Amino acid sequence: MQVKDVMTRNVISVGANEPIVKAARLMLQNRVSGLPVLDAAGELVGIVTEGDFLRRGELGTQRRRPKWLEFIVGPGRLAEEYVHTSGRKVDEIMTTDPFTVTEDDSLEKVVEVMERRHVKRLPVVRAGRMVGIVSRANLMHALASFARDAQPAAADDAGTRDRIMAALGQQHWAPHVNVIVKNGVAELWGVITDERERQALIVAAENAGGVKQVHDHLVWVEPMSGMAFPSAEDEATDRAAAN
């Protein structure tokens, strides 16, 4: 399998000059732990993650060292850390020059880069432009979908997935979910905050050409309480496995 078979398209991103509060709100609203950072020309220039918000002066969690250790660390490193803990713009706290992959790279390469670089997500680029992102969650979705069948995906499954993702991208109500297609069977993965979105997502997938069946793995998160509820299909599968 290749990156294009599992990656998330229509990725939520944030501008390099945007305030860090906007990045934090986007992460919370969309339940993601990291965002690609784009410059004014739309080029990928960095990644901002939850980890970039841990050491902040507002929280009183900035790194504190004994004076003797500060002397060893040096003023340059201390100045860099100050910017990271006190900066107000995304480009002041983000990780620059992020590791990337292409649509045609293998999933094996993705895993190797993630393990070697200790990252959870990789931007997918084409001619310098970001066209998607592949995360550990995408790999888990693919594993759950394909582990049951050792046969490779049909050649037209990629086209079917593209049609579903394109259809969802045209709907303003549609949350960002992942879709895996295997032999014409589409599996929907992700989080919804309104139960009415579930059936709409299923209908959108069913209407895409080449879809024989749709499996629902969407988790509903109740906005007020934060409680998560699996789909009826997954609940039934879990009960059957327990008996």
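None of the values given here were measured: they were computed from a predicted structure.

**A few points about the side chain of Thr85**
Logical step 1: Along the chain, the position of Thr85 falls in helix 3 (residues 75–86).
Logical step 2: The contact partners of Thr85, leaving out residues within four places of it in the chain, are Arg55, Arg56, Gly57, Glu58 and Gln62.

**What to know about a nonpolar patch on the surface**
Logical step 1: A cluster of nonpolar side chains, contributed by Trp68, Phe71 and Ile72, occupies part of the molecular surface with about 450 Å² of accessible area.
Logical step 2: Among the structural elements, Ile72 can be located in helix 2 (residues 67–73).

**Topic: the nonpolar core**
Logical step 1: Grouped together as the largest cluster of nonpolar side chains are 18 residues, with contacts concentrated most on Ile164, Leu168, Val179, Ala186, Leu188, Leu201 and Val214.
Logical step 2: Mapped onto this core, the elements with two or more residues apiece are helix 7 (157–169), strand 7 (178–182), strand 8 (185–192), helix 8 (196–206) and strand 9 (213–221).
Logical step 3: Here this core gets four residues from one element, more than from any other, and that element is helix 8.
Logical step 4: Formed by 15 residues, the second largest nonpolar core is a distinct cluster that contains Val3, Val110, Ile180 and Trp189.

**Focus: the pattern of salt bridges**
Logical step 1: Throughout the structure, instances matching the rule amount to ten salt bridges.
Logical step 2: For the salt bridge of Arg9 with Glu103, the shortest nitrogen-to-oxygen distance reads 3.9 Å. Highlighted residues: Arg9 in the segment before strand 1 (14–15) and Glu103 in the loop between strand 4 (95–96) and helix 5 (107–117), separated in sequence by 94 residues.
Logical step 3: Overall, Arg9 belongs to the buried group, its relative accessible area being 18%.

**Here we look at the sheet that holds strand 10 (residues 228–229)**
Logical step 1: Taking strand neighbours across the sheet as the criterion, the four strands line up as 7-8-9-10 in an open arrangement whose pairing is mixed. Looking at the sheet topology across the chains shown, the edges are occupied by strand 7 and strand 10.
Logical step 2: Relative to strand 8, strand 7 is paired through five bridges, and the arrangement is antiparallel. The residue bridging Val179 from the neighbouring strand is Leu188, located in strand 8.
Logical step 3: In the packing of helix 8 onto the sheet, the strands contacted are strand 8, strand 9 and strand 10, and the crossing angle to strand 9 comes to about 155°.

**Re the pairing of strand 6 (residues 129–135)**
Logical step 1: Within strand 6, five of the seven residues are buried, which leaves it mostly tucked inside the rest of the structure.
Logical step 2: Alignment of strand 5 (residues 121–126) against strand 6, held across six bridges, turns out to be antiparallel. From the neighbouring strand, Arg126 faces strand 6, where its bridge partner is Arg129.
Logical step 3: Remark: two residues form the turn of the hairpin made by strand 5 and strand 6, two consecutive strands paired antiparallel; Ala127 in that turn has positive phi of roughly 55°.

**Considering the pairing of strand 8**
Each regular strand shows side chains that alternate between the opposite faces of the sheet.
Logical step 1: Summarising burial for strand 8: six of the eight residues are buried, a large majority.
Logical step 2: Between strand 7 and strand 8, which pair antiparallel and follow one another directly, the connecting turn spans two residues, one of which, Asn183, has a positive phi of 55°.
Logical step 3: With eight bridges joining them, strand 8 and strand 9 adopt parallel strand pairing. Bridge pairing links Val191 to Val219 in strand 9.
Logical step 4: Between the parallel pair strand 8 and strand 9, the chain is carried across by helix 8, and the sense of this crossover is right-handed.

About the criteria used
- Residues numbered from 1 in each chain as written.
- Predicted model: local features only at pLDDT ≥ 70, side-chain atom pairs only at ≥ 80, totals over all residues.
- Heavy atoms only, no water.
- Helix = DSSP H or I, 4+ residues; strand = E, 2+ residues; numbered from the N terminus.
- Contact = heavy atoms within 4.5 Å.
- Patch = residues over 30% accessible without salt bridge, like charges linked within 9 Å, V, L, I, M, F, W, Y side chains within 5 Å.
- Areas by Shrake-Rupley, 256 points an atom, 1.4 Å probe, with all protein chains shown as cover.
- Salt bridge = Lys/Arg side-chain N within 4 Å of Asp/Glu carboxyl O.
- Core = buried A, V, L, I, M, F, W, Y, C linked by side-chain atoms within 4.5 Å.
- Buried < 20%, exposed > 50% of the residue type's maximum accessible area, 1.4 Å probe, protein only.
- Pairing = 2+ DSSP bridges.
- Axes fitted to C-alpha atoms, helices over the stretch in contact; angles between N-to-C directions.
- Right-handed = clockwise from strand over helix to strand, strands pointing away.

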